[in-house]
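Residues per chain, in single letters:
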Amino acid sequence: MARSNIPLKVTEASIQNQSVALLKALGYRVMETGKSRSKQRCKTCGTQSYATGWQGNTVGLPDMYIHSIQWPRGVALAIEMKTMKGAIRPEQLELAEQGLINICRSTLCVLQTVEKYEQSICNEIQVERIRKIIDINGI
């Protein structure tokens with residue numbers, strides 16, 4: 001069967017799913033926000049859907065938090081995922097400018113953000129593992 005030359009659409013969810021899978025393979029704990037565990041019923045029309053944005057989270061809340069048991073207690077990296085053309089909300093831009101969240105438009109950006117933190121705490125073993133994951137996966 002011939003493969004199509006039509007490129008797959010890269011979605012925020014696909015970038016986040018790949019990032020989460022690789023981070024978990026590296027031993028990180030990833031907590032994702034904005035993903036309701038159950039559907040919510042709309043009070044107006046009665047349809048059911050998963051809560052998103054204003055329905056379920058504080059505006060500006062990042063898509064995921066990354067933790068490691070090797071990091072100092074209470075440290076987490078906050079990541080807001082965007083596609084290459086995805087718009088950044090003013091609240092997200094403000095948080096990024098304050099250094100409270102990292103806006104990433106690719107799996108590479110997510111891994112480099114974690115790598116940068118690992119370098120800052122001199123965890124060279126984990127830095128090398130991240131670099132190998134990037135090389136192996138051609139990211």
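Quick notes on the rules
- Residues numbered from 1 in each chain as written.
- Predicted model: local features only at pLDDT ≥ 70, side-chain atom pairs only at ≥ 80, totals over all residues.
- Heavy atoms only, no water.
- pLDDT = per-residue confidence, 0-100.
- Helix = DSSP H or I, 4+ residues; strand = E, 2+ residues; numbered from the N terminus.
- Buried < 20%, exposed > 50% of the residue type's maximum accessible area, 1.4 Å probe, protein only.
- Pairing = 2+ DSSP bridges.
- Salt bridge = Lys/Arg side-chain N within 4 Å of Asp/Glu carboxyl O.
- Contact = heavy atoms within 4.5 Å.
- Phe/Tyr/Trp six-rings, centres within 6.5 Å; stacked < 30°, edge-to-face > 60°.
- Axes fitted to C-alpha atoms, helices over the stretch in contact; angles between N-to-C directions.
- Left-handed = near helix turned anticlockwise from the far one by under 90°.
- Nonpolar A, V, L, I, M, F, W, Y, C, P; charged D, E, K, R; others polar.

> Go over the confidence of the model for the chain, please, and point to the residues and values.
Of the residues in the chain, 84% have a pLDDT of 70 or more, and the chain-wide mean is 88. By mean pLDDT, the top-scoring element of the chain is helix 3 (residues 107–120) (98), and the lowest-scoring one is strand 3 (residues 48–49) (71).

> Tell me about the pairing of strand 5 (residues 77–81), and please be specific about residues and values.
By the criterion of burial, strand 5 is predominantly enclosed, with 5 of the 5 residues buried. Side-chain alternation along strand 5 places Leu-77, Ile-79 and Met-81 on one buried face and Ala-78 and Glu-80 on a second face that is also buried. Across 3 bridges, strand 5 lies against strand 6 (residues 102–104) in parallel orientation. What sits directly across from Glu-80, in strand 6, is Ile-103.

> Describe in detail the pattern of salt bridges, supporting the description with residues and values.
Working definition: two side chains of opposite charge can pair if their charged atoms are close together. Considering all chains together, one arrives at 4 salt bridges under this definition. The partner of Glu-80 in a salt bridge is Lys-82, with the nearest N and O atoms 3.6 Å apart. You'll find Glu-80 and Lys-82 in the same group, each marked buried. A salt bridge links Arg-89 to Glu-91; its shortest N-O distance comes to 3.3 Å. Glu-91 gets classed as partly exposed once you look at its relative accessible area, which sits at 30%.

> So what's going on with the side chain of Ser-19? Which residues, and what values?
One can find Ser-19 in helix 1 (residues 12–25). Ignoring anything within four residues of it in the chain, the contact list for Ser-19 reads Met-64, Met-81, Thr-107 and Val-110.

> I'd like to hear about the packing of aromatic side chains, residue by residue, with values.
Using the criterion set out here, one finds 2 aromatic pairs in the structure. Here the aromatic rings of Tyr-28 and Trp-71 are separated by 5.7 Å at their centres, their planes lie at 50°, and the arrangement is tilted. Within this pair, whereas Tyr-28 is found in the loop between helix 1 and strand 1 (29–32), its partner Trp-71 is found in the loop between strand 4 (64–67) and strand 5, the two being separated by 43 residues in sequence. Trp-71 carries the same exposure label as Tyr-28, and that label is buried. Aromatic rings pair up to connect Tyr-28, Trp-71 and Tyr-117 into one cluster.

> Explain the packing of helix 1 against helix 3 to me, and be specific about the residues and the numbers.
Between helix 1 and helix 3, the least distance of the axes is 9 Å, while the angle of their chain directions is 40°. Considering only the axes of helix 1 and helix 3, their crossing is right-handed. Where helix 1 abuts helix 3, its residues Ile-15, Gln-18, Ser-19, Leu-22 and Leu-23 lie against Thr-107, Val-110, Leu-111 and Val-114. Grouping the constituent residues of the contact of helix 1 with helix 3 by class yields 6 nonpolar, 3 polar and no charged.

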